[in-house]
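Residue strings, one per chain:
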Amino acid sequence: MVRFIEENTKHVDKETGNKSNTDVTTAKKKVLQDLIINNGGGLINSWVDSMRACSPTHLKSLMKQSSWLKEHPSALEMFEEILHASEGKQIVMFLDYDGTLSPIVDDPDQAFMSKQMRRTVRNLANCFPTAIVSGRCREKVYNFVKLTELYYAGSHGMDIKGPEQGSKYEADKSLLCQPATEFLPMIDEVYQRLMEKTKSAPGANVENNKFCVSVHFRRVDEKNWSDLANQVRSVMKDYPKLRLTQGRKVLEIRPIIKWDKGNALEFLLESLGYANCTNVFPLYIGDDRTDEDAFKILRERRQGLGILVSKSPKETNASYSLEEPDEVMDFLQRLVKWKQLRSGA
């Protein structure tokens with residue numbers, strides 16, 4: 001089932017960093033890829049259509065690149081505007097991993113961040129409270145990043161842990177949030193069944209991300225996507241307490257609970273003592289559809305802003321854009337330099 005909602009295109013409010021409701025220019029429809037297991041053939045076609053839609057090679061822009069950039073300008077080009085919006089407020093950083101801190105690669109186990117990016121993120125964490133929010137298993141993300149001073153939110157925010165050491169912004173060393181623990185046996189069972197079921201799908205990669213299961217189809221020939229969707233459905237139909245969502249060439253099997261990256265962002269802000277503060281400025285940078293949950297929360301809170309990492313026009317709740325991880329690194333480095341100059345470092 002594909003659901004549609006109305007989305008407004010708005011201008012940036014310089015006080016909050018978000019887009020205001022006062023200058024509505026157009027109304028757009030956004031496809032939310034939250035697919036619910038219910039019936040057969042028609043649903044499979046919807047799955048395959050949405051699999052094509054999330055592929056960069058099939059993205060059909062609803063507006064020209066130049067027009068889209070007017071609505072979601074480069075965060076590098078608008079850096080001073082972003083700083084102005086954050087004036088007098090505590091910046092808190094939230095970063096997706098794949099496609100944001102590391103390039104998207106065919107083999108998800110090879111999605112390593114560069115040494116320069118790691119150094120940049122370490123410097124960032126010395127300047128601002130910093131969290132990695134990923135669909136990956138938290139332990140796996142930590143093994144990629146290897147920085148103890150960060151907050152880590154894995155499994156789309158369903159597994160959150162505070163810094164092990166070295167953070168100046170620790171709220172609680174014992175910080176741990178796992179709202180979907182009861183689903184662990186079910187997730188393990190689904191993982192094993194999908195591993196067996198997809199053996200006949202060349203290129204498919206099933207990944208156990210602890211509180212969710214990811215079926216990567218980046219290396220699956222498009223002509224086999226329908227078969228893969230059928231294989232996934234044949235397993236999912238037996239688990240009504242799980243749901244299917246989509247990312248960039250990946251199907252995500254997750255528990256049906258009201259928890260996502262947006263909830264993780266709010267939980268971390270509360271843990272840091274910023275739940276009801278007006279002087280906090282969350283900055284969330286991500287490239288995936290699941291990051292839209294966090295972008296939406298920032299828009300609703302009218303605090304901080306979201307930055308979408310994308311080379312192509314996409315429907316988004318983010319205010320600004322960056323094209324690729326290299327631009328993300330440039331933006332973070334500029335932010336660190338600004339903070340160091342302000343602090344007299």
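Our subject is the structure that appears above.
The rules behind these values
Residues numbered from 1 in each chain as written. Predicted model: local features only at pLDDT ≥ 70, side-chain atom pairs only at ≥ 80, totals over all residues. Heavy atoms only, no water. Helix = DSSP H or I, 4+ residues; strand = E, 2+ residues; numbered from the N terminus. Buried < 20%, exposed > 50% of the residue type's maximum accessible area, 1.4 Å probe, protein only. Contact = heavy atoms within 4.5 Å. Areas by Shrake-Rupley, 256 points an atom, 1.4 Å probe, with all protein chains shown as cover. Axes fitted to C-alpha atoms, helices over the stretch in contact; angles between N-to-C directions. Left-handed = near helix turned anticlockwise from the far one by under 90°. Nonpolar A, V, L, I, M, F, W, Y, C, P; charged D, E, K, R; others polar. Pairing = 2+ DSSP bridges. 1 Å grid on protein atoms, 1.4 Å probe; cavity = no way out; pocket = protein on both sides within 12 Å on 5 of 7 lines; lining within 4 Å. Points joined across faces, edges and corners; volume = space filled by probe spheres on them. Domains from an automatic or database assignment.

J.: Summarise the overall build of the chain; cite the residues concerned and give the values.
T.: Counting its regular elements, the chain contains ten helices and 15 strands. Relative to its 345 residues, the chain shows a buried fraction of 54%. Considering only contacts within the chain whose residues lie at least 6 apart along the sequence, 64% involve residues at least 24 apart. Accessible area for the chain stands at about 15,100 Å²; split by element, carbon and sulfur atoms hold 48% of it.

J.: Break down unusual backbone geometry for me, citing the residues and quoting the values.
T.: With the exception of glycine, the majority of residues adopt a negative phi angle, and the majority of peptide bonds are in the trans configuration. Within the chain, Lys 146 stands out as a residue other than glycine whose phi angle is a positive 60°. In this fold, Lys 146 is placed in the loop between helix H5 (138-145) and strand E6 (151-154). On the accessibility criterion, Lys 146 (53% relative accessible area) is exposed. The backbone of His 156 sits at a positive phi, close to 60°, despite the residue not being glycine.

J.: So what about the packing of helix H6 (residues 184-197) against helix H7 (residues 225-236)? Which residues, and what values?
T.: Contact geometry for H6 and H7: axes closest at 10 Å, N-to-C directions at 145°. Between H6 and H7 lies a crossing of right-handed hand. In contact with Val 190, Arg 193, Leu 194 and Lys 197 of H6, H7 contributes Gln 231, Val 232, Ser 234 and Val 235. In the contact of H6 with H7, the residues fall into four nonpolar, two polar and two charged.

J.: Describe the pairing of strand E4 (residues 90-95), and please don't skip the residues or the numbers.
T.: For E4, a buried count of five out of six residues is recorded, marking the element as mostly surrounded by other parts of the structure. The sheet contact formed by E4 and strand E13 (residues 280-286) spans six bridges and is parallel. Of the residues in E13, the one forming a bridge with Val 92 is Pro 282.

J.: Break down empty space enclosed by the protein for me, citing the residues and quoting the values.
T.: Applying the stated criterion across every chain, the model contains one cavity of 30 Å³ or more. Taken as a whole, the largest cavity spans an internal volume of roughly 330 Å³. Lining the largest cavity are 24 residues, with Asp 98, Ile 104, Arg 136, His 216 and Val 250 positioned closest to its centre. Secondary structure elements with two or more residues in the lining of the largest cavity: strand E10 (213-216) and strand E12 (250-255). Looking at the lining of the largest cavity, its residues break down into five nonpolar, seven polar and twelve charged. Built from parts of two domains, the lining of the largest cavity gets at least three residues from each of domain 1 (69-179 + 259-344) and domain 2 (181-255).

J.: Pulling in residues and values, what's your account of the sheet that holds E13?
T.: Spatial ordering of the open sheet is given by E8-E7-E6-E5-E4-E13-E14-E15, a layout of eight strands whose pairing is mixed. Looking at which strands have only one partner, the edges of the open sheet turn out to be strand E8 (176-177) and strand E15 (320-322). Across the sheet, H5 lies against strand E5 (130-133), E6, strand E7 (159-161) and E8, angled at about 135° from E6, the strand it touches most.

Honestly, that's just the spatial picture; any functional story needs more than this.
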